[in-house]
Amino acid sequence: MSAHAVMTRILGALFYYSPERSETRELLQCLPTLPSLYSWQDPERITALCEEWPQPDEEALIWQFSTLFEGQGEMVAPPWGSVYLERDNLLMGESTAMYRAFLQRHGIAFDGKDNEPEDQFGLMLLAWSALLERGNPNAAATLLEVHLLPWAHRYLELLKRNEISPFYARLARVATLFLNDVQQRKALRPETRRLFF
């Protein structure tokens, strides 16, 4: 598995799965090793981010995840692309349908929890990782340019500014560095889309 695919899978899992899952707990333990898992363009910055990572207790982190990713109360940073790309901020809009069709063309299907839209940020990272693992870099690039990057930086900016969880704000900073790095190295040209959130 390539370093890109490994980092994408780790970040995707942390953005998608609750900290109460045993697999997620194991990933939390490996956060200090992220600088060594990928050839970062700014290794000092990523090392500093990972060394000083705020780690709340498990119960607090589970509550933070639920609030930020599952929608308890008002969501300060909704993790679904359709919220940003659809005029009425609706889940499962036209952008989700286009993304679902893209996944089907490339043989990717998810066993979604409670019919959750496929355009959840972490789940999209996991799809990107799957395409990389299958040796399909062109489809992986399309996923980024057409479906994820047009809204991802707005989402990550909101998550970085959230006051609920310093942990997930830090995760957003790491994800931003990674996406910027990949975009530059791969010379990706994300579609310019109007954002509504």
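In this report, we go over the structure that sits alongside the text. (Residues numbered from 1 in each chain as written. Predicted model: local features only at pLDDT ≥ 70, side-chain atom pairs only at ≥ 80, totals over all residues. Heavy atoms only, no water.)

We now examine the packing of helix α1 (residues 3-16) against helix α8 (residues 121-133). Two numbers describe how α1 lies on α8: the axes approach to 7 Å, and their chain directions differ by 155 degrees. Relative to α8, α1 is oriented roughly antiparallel. Taken as a pair, α1 and α8 cross one another with a handedness that is left-handed. Residues H4, A5, T8, R9, L11, G12, A13, F15 and Y16 of α1 touch α8, and the partners they reach there are F121, G122, L123, L125, L126, W128, S129, L132 and E133. By residue class, the composition of the contact of α1 with α8 is eleven nonpolar, five polar and two charged. (Axes fitted to C-alpha atoms, helices over the stretch in contact; angles between N-to-C directions. Helix = DSSP H or I, 4+ residues; strand = E, 2+ residues; numbered from the N terminus. Parallel < 35°, antiparallel > 145°, perpendicular 65-115°, else oblique. Left-handed = near helix turned anticlockwise from the far one by under 90°. Contact = heavy atoms within 4.5 Å. Nonpolar A, V, L, I, M, F, W, Y, C, P; charged D, E, K, R; others polar.)

Turning our attention to the nonpolar core. Residues F15, F121 and Y155 are the most contacted members of the largest nonpolar core, which totals 61 residues. Residue contributions to this core peak at twelve residues, all from helix α9 (residues 137-160). With residues near it in sequence (within four places) discarded, Y155 still touches F15, F69, A77, P78, P79, Y84 and F121. (Core = buried A, V, L, I, M, F, W, Y, C linked by side-chain atoms within 4.5 Å. Buried < 20%, exposed > 50% of the residue type's maximum accessible area, 1.4 Å probe, protein only.)

With that settled, the discussion passes to the pattern of salt bridges. Within the structure shown, the criterion is met by six salt bridges. Here R21 makes a salt bridge to E23, at a shortest N to O gap of 2.6 Å. Given a relative accessible area of 33%, R21 falls into the partly exposed group. Given a relative accessible area of 40%, E23 falls into the partly exposed group. (Salt bridge = Lys/Arg side-chain N within 4 Å of Asp/Glu carboxyl O.)

What follows is about the packing of aromatic side chains. This structure, assessed with the given rule, holds 20 aromatic pairs. Taking the centre distance of 4.8 Å and the plane angle of 70 degrees together, the rings of F15 and F121 count as edge-to-face. Taken as a pair, F15 in helix α1 and F121 in helix α8 lie far apart in primary sequence, 106 residues in all. F121 carries the same exposure label as F15, and that label is buried. Between F121 and W151, the aromatic rings sit 6.1 Å apart at their centres with planes inclined by 80 degrees, giving edge-to-face as the arrangement. Here the residue F121 occupies a position in helix α8, and W151 occupies one in helix α9, the gap between them amounting to 30 residues. (Phe/Tyr/Trp six-rings, centres within 6.5 Å; stacked < 30°, edge-to-face > 60°.)

Moving on to the side chain of S165. Relative to the helices and strands, S165 is located in the loop between α9 and α10 (166-185). By relative accessible area, which is 0% here, S165 ends up buried. Contact partners of S165, with chain neighbours within four places excluded, come to Q64 and L68.

Turning our eyes to something else, we now look at the environment of D181. Relative to the helices and strands, D181 resides in helix α10. A sequence separation of 142 residues divides D181 from S39, and the C-alpha atoms of the two residues are 9.6 Å apart. Here D181 is in contact with Y38, S39, W40 and Q41, once residues within four sequence places are set aside.

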